[in-house]
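So you can see what is in the structure, the chains are spelled out below.
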Amino acid sequence: MSIISGALYVVATPIGNLGDISARALEVLHGVTVIAAEDTRHSGKLLHHFGIKTPTMALHDHNERVVSESIVIRLQAGETVALVSDAGTPLISDPGYHLVAQARAAGCQVIPVPGASALLAALSASGLPSDRFTFEGFLPAKAGARNAKLEPLREDPRTLVFYEAPHRIEESIAAMAGVFGGERPAVIARELSKTFETIHGDSLAGLSNWLAADANQRKGEFVVMVGGAPQAEQLVDAEAERILRLLLDEVSLKQAAALAAKITGVKKNLLYQFALDLAR
Ligand code: SAM
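For clarity, every value in this text was computed on a predicted model and none was experimentally measured.

K.L.:
Account for the overall build of the chain, naming residues and giving values.
P.N.:
Across its full length, the chain holds twelve helices and ten strands. By the compact-globule yardstick of 19 Å for 280 residues, the chain is too spread out, its C-alpha radius of gyration being 24 Å. The principal-axis extents of the C-alpha atoms in the chain amount to approximately 75 × 45 × 35 Å. A total of 280 residues make up the chain; the buried ones form 43% of that total. Considering only contacts within the chain whose residues lie at least 6 apart along the sequence, 68% involve residues at least 24 apart. Total accessible area computed for the chain in this model is approximately 14,200 Å², and 53% of it derives from carbon and sulfur atoms. The positive charge centre, built from 26 side chains, and the negative charge centre, built from 31, are 3 Å apart in the chain.

K.L.:
Account for the side chain of S117, naming residues and giving values.
P.N.:
Its place among the elements puts S117 in the loop between β5 (110–113) and α5 (118–126). In this view, S117 contacts I15, T89, I92 and Y163; residues no more than four positions away in its chain are not counted.

K.L.:
Break down the sheet that holds strand β10 (residues 222–226) for me, with residues and values.
P.N.:
Taken in spatial order, the five strands of this open sheet run β6-β7-β10-β8-β9, and their pairing is mixed. At either margin of the open sheet sits one strand with a lone partner, and together these are β6 (133–138) and β9 (198–203). With direction set aside, neighbouring strand axes in the sheet form an average angle of 20°. Here strand β7 (residues 159–164) runs beside β10; their pairing, made up of five bridges, is antiparallel. Its bridge partner being in β10, Y163 is matched across the sheet by V223.

K.L.:
Give a description of the packing of aromatic side chains that names residues and reports values.
P.N.:
Counting across every chain of the model gives two aromatic pairs. Where F135 meets Y163, the ring centres are 4.9 Å apart and the plane angle is 70°; that geometry is what we call edge-to-face. Here F135, found in strand β6, pairs with Y163, found in strand β7; they are 28 residues apart in sequence, far enough to count as distant. Both rings, one in F138 and one in Y163, keep their centres 5.8 Å apart while their planes meet at 65°; by these two values the pair is edge-to-face. Highlighted residues: F138 in strand β6 and Y163 in strand β7, separated in sequence by 25 residues.

Thresholds applied
- Residues numbered from 1 in each chain as written.
- Predicted model: local features only at pLDDT ≥ 70, side-chain atom pairs only at ≥ 80, totals over all residues.
- Heavy atoms only, no water.
- Helix = DSSP H or I, 4+ residues; strand = E, 2+ residues; numbered from the N terminus.
- Rg over C-alpha atoms; globule rule 2.2 N^0.38 Å.
- Buried < 20%, exposed > 50% of the residue type's maximum accessible area, 1.4 Å probe, protein only.
- Contact = heavy atoms within 4.5 Å.
- Areas by Shrake-Rupley, 256 points an atom, 1.4 Å probe, with all protein chains shown as cover.
- Lys, Arg positive; Asp, Glu negative; His and termini not counted.
- Charge placed at Lys NZ, Arg CZ, Asp CG, Glu CD.
- Pairing = 2+ DSSP bridges.
- Axes fitted to C-alpha atoms, helices over the stretch in contact; angles between N-to-C directions.
- Phe/Tyr/Trp six-rings, centres within 6.5 Å; stacked < 30°, edge-to-face > 60°.

Here it is, written out as structure tokens:
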């Protein structure tokens, strides 16, 4: 594989299991002029493990804007750069956004080298709907800011995905139960691809109890996924739907919803919304 002159490679690295590095990632890391790493000591261990001797430079949250300018100049001079973070895919709750934006704005080629990301690994094994989801990263540490971030998500029908640290996992699950309701289904994915990998699903209230009962489950790295808010169509049961459909053949949509509500006891506005969805 030849490295393209002047290109910035965004290289995913493992989130725990070193076996998850890709053959292409290794080739790129071997072949570029320099590796821009979130933490050069941390990435140094990975590079040493794979016998990669490419020079490294630091690119982290505190120097990213300044260092990005010098990297873009190097790219424009035809050098090649690989961006890596401590684990997983750069830019996903990790540095790199400013570098990629600046490189693209300067007309440099940016090439992703896909690989591990805790977000997608967790979602793929969660059993929660994955057709639509929203990634919310880390919640704020302070209760007020955390609730302010959770509140607007309360009625979101998509699966919600969060990253969380061990010292805040209990607090965050309790806060989610407070805002979304303790009965909302959720899944905790802990230590993915590592020895103590655990993927555990329950209601948010159940997860709170589970964490409280076992200190081992509060250790390591976490992805928390919460099922989306139930939608009208999920609250109208099969019998109510059957009756509504029969009535829709005979009377107006509004009348059908009102009659079906009287017959089934399901809320009229839910049936009305459901009938609208059917009509669409
Ligand atoms: N860029 C990374 C990615 O693509 O997943 C994420 C970096 S972010 C700074 C680190 C967070 O990702 C951790 O606090 C945890 O929430 C999640 N994470 C990383 N590795 C994980 C793993 N092996 N198992 C579960 N969560 C993990």
